[in-house]
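What the coordinates show
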Amino acid sequence: MAAQCCCRKAPGAEAAPARPPPEPPPALDVASASSAQLFRLRHLQLGLELRPEARELAGCLVLELCALRPAPRALVLDTHPALRLHSAAYRRAPAEPPCAFAFAAPGPEPGPGPGPAPPPPLPAFPEAPGAEPACCPLAFRVDPFTDYGSSLTVTLPPELQAHQPFQVILRYTSTDAPAIWWLDPELTYGSAKPFVFTQGHSVCNRSFFPCFDTPAVKCTYSAVVKAPSGVQVLMSATQSTYVEEEGVYRFYMEHPVPAYLVALVAGDLQPADIGPRSRVWAEPCLLPTATSKLSGAVEQWLSAAERLYGPYMWGRYDIVFLPPSFPIVAMENPCLTFVISSILECDEFLIIDVIHEVAHSWFGNAVTNATWEEMWLSEGLATYAQRRITTETYGAAFTCLETAFRLDALHRQMKLLGEDSPVSKLQVKLEPGTHRPGPQRFDDFLRAYVEKYKFTSVVAQDLLDSFLSFFPELKEQSVDCRAGLEFERWLNATGPPLAEPDLSQGSSLTRPVEALFQLWTAEPLDQAAASASTIDISKWRTFQTALFLDRLLDGSPLPQEVVTSLSKCYSSLLDSMNAEIRIRWLQIVVRNDYYPDLHRVRRFLESQMSRMYTIPLYEDLCTGALKSFALEVFYQTQGRLHPNLRRTIQQILSQGLSPGAEPSTDPDGPGADAEGDTHAPALLLGDEAPSGAISLRDVNVSA
């Protein structure tokens, strides 16, 4: 008996609700080459086959569209050079679209005959014999667009009428795509099975499948995925099933989402329930840790968010922990948050990062910025909501401590990059969280805002109009034009935030940090060090210790006697703490050329495979006198790094070398002798070893 598709109702079930009326054309997005303003995307279907041995994804994409004006000459989609389109076809949308894809059965092993074996067939979107309407082939071409993608132009039949539903069927393969990360088994914790995940934010999913790759366009989607035996497949979908007799996974997302939130992960993953509507997925060796740290907590966070901003609308809230190669900390894919497993050892960072992704369920996923120029509409409101949820759950003092830590990083970034930097301007919009009406009334406004705009995309003017409608007394006072509150100035002016939140409720946690930092910068050093040694930072929260070390980093290079005293006082203690603490201390070691602790830097880099814990150290190493030390460690560890991370570190090493010197990928090759600074005693790790830097950690923009 054929399995019931997850996107169809069983016989006798309640009929699906009618599709919503056509929406106005989406906002123009300069990051997209597509003709999204000329069409309404009703639904997309994906038939995907994962081929890890070839590091290739084979796909069949069915777009269900209708034109917003008569006789459009072509459909333009976003794509990428890594994606090769094999065919394009058109047909009128059938009354009941099929929801199945055909995959080729495994063939016999290729024989010893001459020539390479033919490539396996692509997934297909089958038609019943003699069925109407039949598919007809379409001409297409691919043109350059930007360094992050191309444009795909598909010629359409001339007789196409406005608002007439039709389908475009594209068959393709994608290899070395920036959105698709293939991991060999040895790059996973269990080293048992290959692993693959996608990361679409913000403009990468055009290399996953051709699409309107703009947050202004949302639609529902369904997918059928075939994977190697024993590999668990998950997607950001409200429904999922495994059809054993077909060996495929079926997914359906019932709410409209933008292309960047279509996400997939596959590997040696096992589940464990952590609440009534949540479970964690992780490799077997990580599952007990993930379960123990999050059991009961996610439901607590969801309930707090619901009290503030209304019902959670996505059904389940599951979390999958990915190997250290995941390029960011976390990603708010609906129903299935992606989190880097490295963060499991840092409890407070784990709490904040997951709560932030929970907040995105309302701000970002339900109500989305229509263009990436206004990403603050999602990130800024999610950051505000994250802090309100944190306050409700853990109290105001902890929230103020985390906010002080982030604001400290913001001011550091603006000092390093300049106030006019696009990254600085974005962060200023994301961080303030300032609200004139008071938190309770502002939360009520946000609840109404979500209810009005859920499952749509908005621009900044929509937020302002809603705000003034909700607070008519402020509209009557023309508050948006009052000095200091001008909306246009908040939106576009450079410089630090026009107002910062009152963090006095966190002073019990931030005052000890400030006091300890002042001791270490006071004179005479002996007395200061003696006083500092009486403060037991082992009882501090992670954010307190991180804030203290960040202040020391800001002051680096420090006097050598200060670094020596700091090492005697803290080095062994910090070495037993989590990675967020250790990397900050090791950056102090590197920026101050403190050779007695270099062995700790080596040991840390030998154990880390994550971008967030390797790149900042390599940047600092290559800025100072330790470039040859960086080369040596890289040669010894590169085999355990993802190719993308390996290439990034090679670029850092190349930029840090003298002109004409290039790092070799061969640990025995000439690169080790090509180091320009021949006087750096990089291989000496004892006391006998005889600059400020801008690192990624200083310029941290978290999703």
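Here the structure is a predicted model, which means the values were calculated and not measured. (Residues numbered from 1 in each chain as written. Predicted model: local features only at pLDDT ≥ 70, side-chain atom pairs only at ≥ 80, totals over all residues. Heavy atoms only, no water.)

Some remarks on the sheet that holds strand S5 (residues 136–137)
- Strand order in this open sheet of eight strands is S5-S4-S8-S2-S1-S11-S14-S13, and the pairing throughout is mixed. If you trace the sheet from one side to the other, it starts and ends with S5 and strand S13 (239–243), each paired once.
- Examined bridge by bridge, strand S1 (residues 39–51) and strand S11 (residues 219–226) share seven bridges and lie parallel to one another. Paired with Glu49 across the two strands is Lys226, which belongs to S11. (Pairing = 2+ DSSP bridges. Helix = DSSP H or I, 4+ residues; strand = E, 2+ residues; numbered from the N terminus.)

Here's the deal with the environment of Leu77
- One can find Leu77 in strand S3 (residues 74–79).
- The sequence separation of Leu77 and Pro210 amounts to 133 residues, and the corresponding C-alpha distance is 6.0 Å.

Considerations on the environment of Ser222
- By secondary structure assignment, the location of Ser222 is in strand S11.
- When its relative accessible area of 2% is taken as the criterion, Ser222 is described as buried.
- Remark: the alpha-carbon pair of Ser222 and His43, spanning 179 residues in sequence, is separated by 8.0 Å. (Buried < 20%, exposed > 50% of the residue type's maximum accessible area, 1.4 Å probe, protein only.)

Quick look at the sheet that holds strand S6 (residues 140–146)
- Taken in spatial order, the three strands line up as S3-S7-S6 in an open sheet, and their pairing is antiparallel. Looking at strand neighbours, the two that pair on one side only are S3 and S6, the edges of this open sheet. The average angle at which neighbouring strand axes cross in this sheet is 25°, direction not considered.
- In terms of strand pairing, S3 meets strand S7 (residues 149–155) through six bridges, oriented antiparallel. From the neighbouring strand, Ala74 faces S7, where its bridge partner is Thr155. (Axes fitted to C-alpha atoms, helices over the stretch in contact; angles between N-to-C directions.)

Side note on the packing of helix H5 (residues 396–417) against helix H13 (residues 542–554)
- As a packed pair, H5 and H13 sit with axes 10 Å apart at the nearest point and diverge in direction by 20°. Relative to H13, H5 is oriented roughly parallel. In terms of crossing hand, the pair formed by H5 and H13 is left-handed. Contacts between H5 and H13 involve Phe398, Leu401, Glu402, Ala404, Phe405, Arg406, Asp408 and Arg412 from the former and Phe543, Gln544, Ala546, Leu547, Asp550, Arg551 and Asp554 from the latter. (Parallel < 35°, antiparallel > 145°, perpendicular 65-115°, else oblique. Left-handed = near helix turned anticlockwise from the far one by under 90°. Contact = heavy atoms within 4.5 Å.)

As for the packing of helix H17 (residues 611–623) against helix H18 (residues 627–637)
- Look at H17 against H18: their axes get within 7 Å of each other, and the N-to-C directions meet at 145°. When H17 is examined against H18, the residues Tyr618, Leu621 and Cys622 are found in contact with a partner set consisting of Lys627, Phe629, Ala630, Val633, Phe634 and Thr637.
- For the contact of H17 with H18, the per-class residue count stands at seven nonpolar, one polar and one charged. (Nonpolar A, V, L, I, M, F, W, Y, C, P; charged D, E, K, R; others polar.)

Looking at the pairing of strand S20 (residues 336–340)
- Counting buried residues in S20 gives five out of five residues, a clear majority hidden from the surface.
- On S20, burial covers both faces: Leu336, Phe338 and Ile340 on one face and Thr337 and Val339 on the other are all buried.
- For strand S18 (residues 318–322) and S20, the ladder comprises five bridges, and the chain directions are parallel. By the bridge assignment, Leu322 is partnered in S20 with Ile340.
- Of the pairings in the sheet, the one linking strand S19 (residues 330–331) to S20 comprises two bridges and is antiparallel in character. The partner of Ala330 across the bridge, within S20, is Val339.
- What sits between S19 and S20 in their antiparallel hairpin is a turn of four residues, with Cys335 showing a positive phi close to 70°.

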